[in-house]
Amino acid sequence: MHKSITSPQNPLIKQLIQLKDKSRERRRTGQFLLEGKRELSLAIKGGYTIETLLYFPDLFSESEAKSMEHYNVKIIEISKEVFQKLAYRSTTEGVIAVGKTKPHSLEELKLTSKNPLILVAEAPEKPGNIGALLRTADAANIDAVIIANPKSDIYNPNIIRSSIGCVFTTEIAVGSSEDVITYLQKYNFNIFSAILQKSEPYHSQDYTLPSAIVVGTEATGLTQEWRDAATQNVSIPMLGVIDSMNVSVAAGILIYEAKRQRDFK
């Protein structure tokens, strides 16, 4: 018989709400909250340890919950009231899990390709944009995503949600811009910084050697560090009235040009 929790005032539920809402709590405990069947399966596929599974039986069956027992997961049945307190979105399929975070230092980055293509995003502010960047990286099957000068932790529920769980299956590292540049230079990456000033059209460059495509925020762009470190600044022709596009769209254009030159391999 699985444990059952019916009150949102339960100490464990209060602790999990903190985990959902506060990055400080996620860092302190080394845990995070995820919800949804696809997200759960991708976390398992990505090698994450799932410690606890909480399920609302009207939406997620007991047999589905029991199938998680062979992962040595603690299983708890919860009431609708508890589920609504914990769920980040209303359409979740009745399942919430507690996972253990992974280290994401540059030293931990595993690049198996001899000719890697990676995306670097400097100081992305909106979790939704980070999720979209991760989906773009997944779609193109690039080797890694590095977040330089991060503004939020990658286990923010909005990043998990907007990445549709591919945050768990993408090779991700975080570090300061200075450390990321040092890392890229150490491994002889060509650095293509998406900057308008002193730039060449993105499609005129050769991305067939180890390459890092670097994008900044829509508001302020990349810092001077990335302008100085760039092998080449590249720009996307802006043919309309405004002079910028969504960062994940820009990243997608640049990444797919690189993949085209590599015969989509």
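Please refer to the structure placed before this passage.
Parameters at a glance
- Residues numbered from 1 in each chain as written.
- Predicted model: local features only at pLDDT ≥ 70, side-chain atom pairs only at ≥ 80, totals over all residues.
- Heavy atoms only, no water.
- Phe/Tyr/Trp six-rings, centres within 6.5 Å; stacked < 30°, edge-to-face > 60°.
- Helix = DSSP H or I, 4+ residues; strand = E, 2+ residues; numbered from the N terminus.
- Buried < 20%, exposed > 50% of the residue type's maximum accessible area, 1.4 Å probe, protein only.
- Lys NZ or Arg CZ within 6 Å of the ring centre and 35° of its normal.
- Pairing = 2+ DSSP bridges.
- Axes fitted to C-alpha atoms, helices over the stretch in contact; angles between N-to-C directions.
- Expected span 1.5 Å × (residues − 1).
- Contact = heavy atoms within 4.5 Å.
- Salt bridge = Lys/Arg side-chain N within 4 Å of Asp/Glu carboxyl O.

Colleague: Looking at this structure, I do not really get the packing of aromatic side chains. What am I missing?
Modeller: Between two aromatic rings, the relevant description is the distance of the centres plus the angle of the planes. A complete count under the given rule lists nine aromatic pairs for this structure. Ring centres of Phe32 and Tyr48 lie 5.7 Å apart, and the angle between their planes is 85°; this geometry places the pair in the edge-to-face category. Pair noted here: Phe32 is in strand β2 (residues 31-35) and Tyr48 is in the loop between α3 (37-45) and β3 (50-55), with a separation of 16 residues, a long-range link. Residue Phe32 is classed as buried on the basis of its relative accessible area, which comes to 0%. On the numbers, 5.0 Å between centres and 55° between planes, the contact of Tyr183 with Tyr187 is tilted. A network of ring pairs unites the aromatic residues Phe32, Tyr48, Tyr155 and Phe168 as a single cluster. Over the aromatic face of Tyr48 sits the side chain of Lys102, whose NZ or CZ is 4.5 Å from the ring centroid.

Colleague: Can you walk me through the sheet that holds strand β10 (residues 199-201) in this structure?
Modeller: Pairing between sheet strands relies on hydrogen bonds along the backbone, with the strands arranged either parallel or antiparallel. With respect to topology, seven strands assemble into an open sheet ordered β8-β7-β6-β11-β9-β12-β10, the strand pairing being parallel. Two strands close off the open sheet at either side, each with one partner strand: β8 (172-175) and β10. Going from strand to strand, the sheet's axes swing by 30° on average, the running direction of each strand aside. The pairing of β10 with strand β12 (residues 232-235) spans three bridges and is parallel. In the strand pairing of β12, Pro201 is matched with Ser235.

Colleague: What's the story with helix α10 (residues 247-261) in this structure? I'm lost.
Modeller: Two residues of an α-helix separated by three or four positions point the same way, owing to the 3.6 residues in each turn. Given a rise of 1.5 Å per residue, 15 residues ought to cover 21 Å, and the 22 Å separating the end C-alpha atoms of α10 matches this to within 8%. By the burial criterion, the buried members of α10 are Val247, Ser248, Ala250, Ala251, Gly252, Leu254, Ile255, Glu257, Ala258 and Lys259. Of the surrounding secondary structure, the elements contacted by the buried residues of α10 are β6 (117-122), α6 (127-140), β9 (190-194), β11 (211-215) and β12. Backbone geometry just downstream of α10 places Asp263 in the positive-phi region, at approximately 60°.

Colleague: Which parts of the structure should I look at to understand the pattern of salt bridges?
Modeller: Side chains bearing opposite charge may pair, as long as their charged atoms lie close to each other. One pass over the full model with this rule turns up four salt bridges. We note a salt bridge from Arg26 to Asp153, for which the minimum N-O separation is 2.8 Å. Placement of the pair is Arg26 in helix α2 (residues 23-29) and Asp153 in the loop between β7 (144-148) and α7 (157-162), with a sequence separation of 127 residues. Accessibility classification places Arg26 together with Asp153 in one group, the buried group.

Shape descriptors only; they carry no functional weight alone.
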